[in-house]
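One-letter residues, chain by chain:
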Amino acid sequence: MSLAPVQIFQDQATEERAENARLSSFVGAIAVGDLVKTTLGPKGMDKILQSSNGDIVVTNDGATILKSIALDNPAAKVLVNISKVQDDEVGDGTTSVCVLASELLKEAEKLVNAKIHPQTIIEGYRLATEAARKALEGSAVDNKSNPDQFRRDLVNIANTTLSSKVLSADKEHFSELAVSAVLRLRGSTNLEHIQIIKKAGGRLSDSYLDEGFILDKRIGVNQPKRMEKAKILIANTPMDTDKIKIFGARVKVDATGKLAELERAERDKMKAKVDKIRGHGINCFVNRQLIYNWPEQLFADAGVMAIEHADFEGVERLALVTGGEIASTFDHPDLVKLGHCDLIEEIMIGEDKLIKFSGCAAGEACTIVLRGATSQMLDEAERSLHDALSVLTQTVKETRTVLGGGCSETLMAKAVDELAAITPGKQAMAVEAFARALRMIPTILADNGGYDSSDLVSRLRAAHYEGKSAFGLDMYNGTISDMRALGVTESFKLKKQVLLSAAEAAELVLRVDDIIRAAPRRREAM
Amino acid sequence: MASGTFVTDEYGRPFIILREQGKKSRISGIDAVKSHILAAKTVANIVKTSLGPKGLDKILISPDGEITVTNDGATILSQMEVEHQIAKLLVQLSKSQDDEIGDGTTGVVVLAGALLEQAEALLDRGIHPIRIADGYEAACALAVAHLDKISDVVPFTRTDTVNLLQVAKTSLGSKIVSKCHDKFTSMAVEAVLSVADLERKDVDFELIKVDGKVGGSLEESELVYGVVIDKDFSHPQMPKAIKDAKIAILTCPFEPPKPKTKHKLDITSVEEFNKLKQYETDKFEEMVNRVKDSGANLVCCQWGFDDEANHLLLQKKLPAIRWVGGPELELIAIATNGRIVPRFEELAPEKLGSAGVVREMSFGTTKDRMIVIEECANTRAVTIFIRGGNKMIIDEAKRSIHDALCVVRNLVRDNRVVYGGGAAEIACSLEVSRAADSISTIEQYAMRSFAAALDAVPLTLAANSGLSPIETLAEVKSSQVKEKNFRLGIDAGLNGDNDMRAQHVIDPLISKRQQFLLATQLVKMVLKIDDVIMPGEGDGF
């Protein structure tokens, strides 16, 4: 008994140690990297994701791909997590961050096999990250003071982001669209204020930015369909039956007559409420909650346009656009700020009727109407546009920009290589490895475009050593050229986040030498 | 626990039947002890590689597939869901070190494992477990006494925090946050010092909140002199920043009062219906007015508000935060010197909390917002706010900063220190083995084993750092004796210097002492068990 190995874990719990653990994390991380690798860059390919219930998603967005696949490998999960965070934080670069992290781990694996202690590799990586960041910061350009130049920067960034997506055919159109939308926000990063309405039909290039605000709702029956000089009350109040909120209240009557009386009282109450609302001197009433037929009819009688069931974001956006406040009590009409707009009308997009508010007082929100052939196409277009919008809002906050097309990576790799040359000790090997991993990004970009990556990347490197530090890959002609002239710009924040997140994740995975997997929780058979 | 029955067979020979014997397993005597030792060693071996600045991390996958990446002994052990009883004891051991001291959770398990390993050799030589336990006890007392002797006092004041920083640095050296070592150490020290009561030598951890949000990188973590709550203002159109806030801290919901006893309210007529309606509206008005009258310009409420109340608050220019959790509410109350008010009737100007700035922060592209209350009346509440590339890093950084906070707190309580890097263990090991020679009983052997077990910590440190363990230990040991310098330890950071004082690797004395005491206690307990009867499978436990 005493000689038998002692099982200290539960049944089915497993433990992987030292080399095995490292192997399994490397394999997992590299597999994830390989999976998304081919989507990188303007010539990257899309993936079809089929869910278990048969829904199909076609996408090029790293975060969306990784979110949809169920992974069991812990290191792979770390990579998925960083891509998700990248999505939340900057909105784009989700593929790059995964690819870079997995390339870093690939290099680390070689070093571990060469019997270098993981901690030494980590030290080297830390030195390299610092050097790369300095190089990146050094190359960043800030055009904040020059609004025209800054706008051009934004358009370029949007172009770069969109060029790898389904929208690339109409990228000029869409980048203009995205930039105008973001500039309307005036520095706010709240993307909810940009509403994206998808309507199947038409072509992608038929999409447009609407100056006003479009609400995907219907106007109540018998109410005016067109309203000029509208005064809008935006509300969040029950318009079905106004419940009594006192706990435990209930109706108890002993005769039908009394019940009828009570019902009348309830109706009166509602009528009083409607009167109060009308007392604000409005001609349009938008409610977040349902409006029942009776009050709707009352509004119609009074010639007030009533729109029910505008969801929360809709109400909030409307409040922003029209400058009104969201009201729930109606006793002090003088205190409630009403929203104003020049024209409310019903419009048709495709076959659907929507309500359009134009000529609004405050223009901090806007609507983008996307048109496209299939719903998959529209979904992907929305994701792409969302990526572009996120990057742009972040760039409005952090105005520095860097160059894309593998230029920044080569630049950083050069700085890291220089550091390796002057680093004494074993860390130098890790520093070199870091530079190699960085250079893998342009390599993959070129590979995805079907170009000779070894030739292009070595020429690119040579160009950088010659001092042409703005050179990158020209993915449309298969050569290297000046990225600044081509206008391939990316947000500095995005690149920085890619670098730091990937290095952090690589470090996290590298430090692991033991994986303990608890027994899966037993689920009752369904 | 198991009910045995005494019976005799047909020849009159007695034997004992255990109920459901087939299902139960039973081991006893030396076998039991040895099996326990094996289990304990297995546990110690798992955490061993996380010891020291070059220690590595572990990935733990929970039954639901959640991942934890950690270097913290207590976390590893508590999350790996061990089933073996003795292994569970070790988990408890590291937990009690964590509760008591907050750091050194890996070291204590390694030490206990080593002690048991040594005990195994003694058992093989035929020494009774109890004698071993007694010997360990005596040795431990000696070692602890010696620790006191070799301890140094590190002076520090609120302004001169160099020593505290060094200690925090040692604690964080082995964690992932060592990437921005200086930042985190200074955050930990400043946090502790700002809440510490140096006269009473007490640190109230309630006042330090550690919060995290994914995004950015570890370097962007910061120490906020105030409270951060993961909420936003209840109405989207409320102002996003408030200067000179007067905060009403409420635990009553914004809704008509209801008696605690179960009741019914029957409406029988139209007048009643109308009256009730009027009452309701008045009540809302009254509540909001009471808050307004007290002079408050910000409301923090533990409960939600009705839409109507929400709008009334907006109309009266009273920004409000709803669904603030209990602990956060307390923290706000402490930080702003306010009182938590359970009823609207009791609101009074003097019960309001005050803060210089309350503002909303937003993060990234999603709807993540948080509210920061800064420049509070009571500067003692602080929040450590951690950013990082992914969830696992943030969780690990939170754990690490907690460890560092504990270490600094321990120094505030008792500023005696011993030297780390295995220096203290080596010194004690030398002392114990010297003393062992003068003991005339069998315990002598046990004491020598104790000394050998103490060497396990420096040995592991050396092995984890990629040094040749035995060679390095022998070298350090002999120079400790030759130079009579108990500050020599393992150069785990590979800086080329063995003097731990010069390298500033220090541990609080109480932490080391606690490690010795707890490990010895546990080993004594394990050695005393000689019979285990386990319920078999499907026994309903």
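Residues numbered from 1 in each chain as written. Chains lettered and ligands numbered in written order. Predicted model: local features only at pLDDT ≥ 70, side-chain atom pairs only at ≥ 80, totals over all residues. Heavy atoms only, no water.

(A) Highlighting the overall build of chain A. Within chain A, the regular secondary structure consists of 16 helices and 20 strands. Along the first, second and third principal axes, the C-alpha set of chain A runs to 95 × 75 × 40 Å. Residues counted as buried form 57% of the 526 residues belonging to chain A. Pairs at least 24 residues apart make up 75% of the contacts formed inside chain A by residues separated by at least 6 positions. When the 67 positive and 75 negative side-chain charges of chain A are each reduced to one mean point, those points stand 2 Å apart. (Helix = DSSP H or I, 4+ residues; strand = E, 2+ residues; numbered from the N terminus. Buried < 20%, exposed > 50% of the residue type's maximum accessible area, 1.4 Å probe, protein only. Contact = heavy atoms within 4.5 Å. Lys, Arg positive; Asp, Glu negative; His and termini not counted. Charge placed at Lys NZ, Arg CZ, Asp CG, Glu CD.)

(B) Just the domain arrangement of chain A, in detail. According to the domain assignment, chain A contains domain 1 (14–142 + 402–517) and domain 2 (213–362). Once you take the C-alpha centre of each, domain 1 of chain A and domain 2 of chain A turn out to be 53 Å apart. (Domains from an automatic or database assignment.)

(C) Quick peek at the interface of chain A and chain B. Across the boundary between the two partners, chain A contributes 88 residues, which contact 87 residues of chain B. Across the chain A/chain B interface, buried area totals approximately 7800 Å², and carbon plus sulfur atoms make up 55% of it. Inspection of the chain A/chain B interface yields two salt bridges. Linking Lys58(B) and Asp513(A) is a salt bridge whose minimum nitrogen-to-oxygen distance equals 2.5 Å. (Buried area = accessible area lost by both parts, 1.4 Å probe. Salt bridge = Lys/Arg side-chain N within 4 Å of Asp/Glu carboxyl O.)

(D) Just the domain arrangement of chain B, in detail. Structurally, chain B comprises domain 1 (26–153 + 419–534) and domain 2 (226–378). Taken over C-alpha atoms, the centre of domain 1 of chain B sits 53 Å from the centre of domain 2 of chain B.

(E) Region of the structure containing the sheet that holds strand E5 (residues 194–200) of chain A. Residue and element names in this part refer to chain A. One open sheet holds the three strands; their spatial order is E5-E15-E6, and the pairing between them is mixed. Pairing within the sheet leaves two strands with one partner each, and these edge strands are E5 and strand E6 (208–210). Strand-to-strand, the axes of this sheet are offset by a mean angle of 25°, without reference to chain direction. Contacting E5, E6 and strand E15 (366–372), helix H7 (residues 171–184) crosses the sheet at an angle of about 160° to E15. Of the strands in this sheet, E5 and E15 are in contact with helix H11 (residues 375–397), which crosses E5 at around 160°. (Pairing = 2+ DSSP bridges. Axes fitted to C-alpha atoms, helices over the stretch in contact; angles between N-to-C directions.)

(F) Spatial organisation of helix H16 (residues 492–510) of chain A. Look at H16(A): 27 Å from first C-alpha to last across 19 residues, which is about the 27 Å you get at 1.5 Å a residue. Of the residues flanking the start of H16(A), the one acting as N-cap is Ser491(A), its side-chain oxygen 3.2 Å from the backbone nitrogen of Lys493(A). (Expected span 1.5 Å × (residues − 1). Polar contact = N/O pair within 3.5 Å; in protein donor to acceptor, adjacent residues only side chain to side chain.)

(G) Summary view of the environment of Gln315(B). Looking at the secondary structure, you find Gln315(B) in helix H9 (residues 307–315). Once the C-alpha coordinates of Gln315(B) and Met238(B) are considered, the two residues, 77 residues apart in sequence, prove to be 9.5 Å apart.

(H) Structural view of the pattern of salt bridges. Taken as a whole, this structure holds 41 salt bridges over all chains when the rule is applied. The partner of Lys198(A) in a salt bridge is Glu382(A), with the nearest N and O atoms 2.9 Å apart. With a gap of 184 residues between them, Lys198(A) in strand E5 and Glu382(A) in helix H11 connect regions that are remote in the sequence. With relative accessibility at 26%, the residue Glu382(A) sits in the partly exposed group. One salt bridge in this structure joins Asp414(B) and Arg416(B), with 3.2 Å as the shortest N-O distance. A relative accessible area of 16% means that Asp414(B) is categorised as buried.

(I) Representation of the side chain of Ser384(A) in the model. Residue and element names in this part refer to chain A. Looking at the secondary structure, you find Ser384 in helix H11. Polar contacts involving the side chain of Ser384 include one to the main-chain carbonyl oxygen of Glu380, which spans 2.7 Å. Once you skip the residues sitting within four places of it in the chain, Ser384 turns out to touch Leu162, Lys165, Val166 and Leu167.

(J) Main features of the packing of helix H4 (residues 94–113) of chain A against helix H13 (residues 427–449) of chain A. All names here are of chain A. In contact at an axis separation of 9 Å, H4 and H13 are set at 140° when each is read in the N-to-C sense. When the axes of H4 and H13 are compared, the pair comes out oblique. Of the two possible hands of crossing, H4 and H13 adopt the one that is right-handed. Contact residues: Ser96, Val99, Leu100, Glu103, Leu104, Glu107 and Leu111 in H4; Met429, Ala430, Ala433, Phe434, Arg436, Ala437, Leu438, Met440, Ile441 and Ile444 in H13. In terms of residue class, the contact of H4 with H13 is made up of 13 nonpolar, one polar and three charged. (Parallel < 35°, antiparallel > 145°, perpendicular 65-115°, else oblique. Left-handed = near helix turned anticlockwise from the far one by under 90°. Nonpolar A, V, L, I, M, F, W, Y, C, P; charged D, E, K, R; others polar.)

(K) Up close: the sheet that holds strand E16 (residues 400–403) of chain A. Residues and elements named next belong to chain A. Taken in spatial order, the three strands line up as E4-E16-E19 in an open sheet, and their pairing is antiparallel. The sheet terminates laterally at strand E4 (141–142) and strand E19 (489–491), the two strands that pair on one side only. Examined bridge by bridge, E4 and E16 share two bridges and lie antiparallel to one another. Directly across from Val141, in E16, lies its bridge partner Thr401. Packed on one face of the sheet, H16 meets E16 and E19 and runs near 65° to E19.

(L) Summary view of the confidence of the model for chain B. Of all residues in chain B, 93% attain a pLDDT of 70 or more, and the chain-wide mean is 81. Overall fold confidence (pTM) sits at 0.79, and the ipTM for the predicted complex is 0.73. (pLDDT = per-residue confidence, 0-100.)

(M) Main features of helix H5 (residues 129–150) of chain B. All names here are of chain B. Taking 1.5 Å of rise per residue, the 22 residues of H5 would be expected to cover 32 Å, and the 31 Å separating its terminal C-alpha atoms lies within 8% of that figure. For H5, every residue scored as buried is listed here: Pro129, Ile132, Ala133, Gly135, Tyr136, Ala139, Cys140, Ala143, Val144, His146, Leu147 and Ile150. Check the buried side of H5 and you find it contacts helix H4 (105–124), strand E6 (152–153), strand E20 (416–419), helix H12 (423–436), helix H13 (443–454) and helix H17 (509–528).

(N) Region of the structure containing the nonpolar core. Ranked by size, the top nonpolar core spans 190 residues in total, and within it Phe434(A), Phe184(B), Leu250(B), Phe254(B) and Val291(B) carry the most contacts. Within the second largest apolar cluster, 62 residues are counted, among which are Ala40(B), Leu77(B), Leu123(B) and Cys428(B). (Core = buried A, V, L, I, M, F, W, Y, C linked by side-chain atoms within 4.5 Å.)

(O) Inspection of the packing of aromatic side chains at higher detail. Under the defined criterion, the tally for this structure stands at two aromatic pairs over all chains. Geometrically, the ring pair formed by Tyr125(A) and Phe434(A) is edge-to-face, given 5.4 Å between the ring centres and 70° between the ring planes. Residue Tyr125(A) is found in helix H5 (residues 118–139), and its partner Phe434(A) is found in helix H13; the two are separated by 309 residues along the sequence. Ring plane angle 65° and centroid distance 5.8 Å describe the contact between Tyr136(B) and Phe450(B), whose orientation is recorded as edge-to-face. Here Tyr136(B), found in helix H5, pairs with Phe450(B), found in helix H13; they are 314 residues apart in sequence, far enough to count as distant. (Phe/Tyr/Trp six-rings, centres within 6.5 Å; stacked < 30°, edge-to-face > 60°.)

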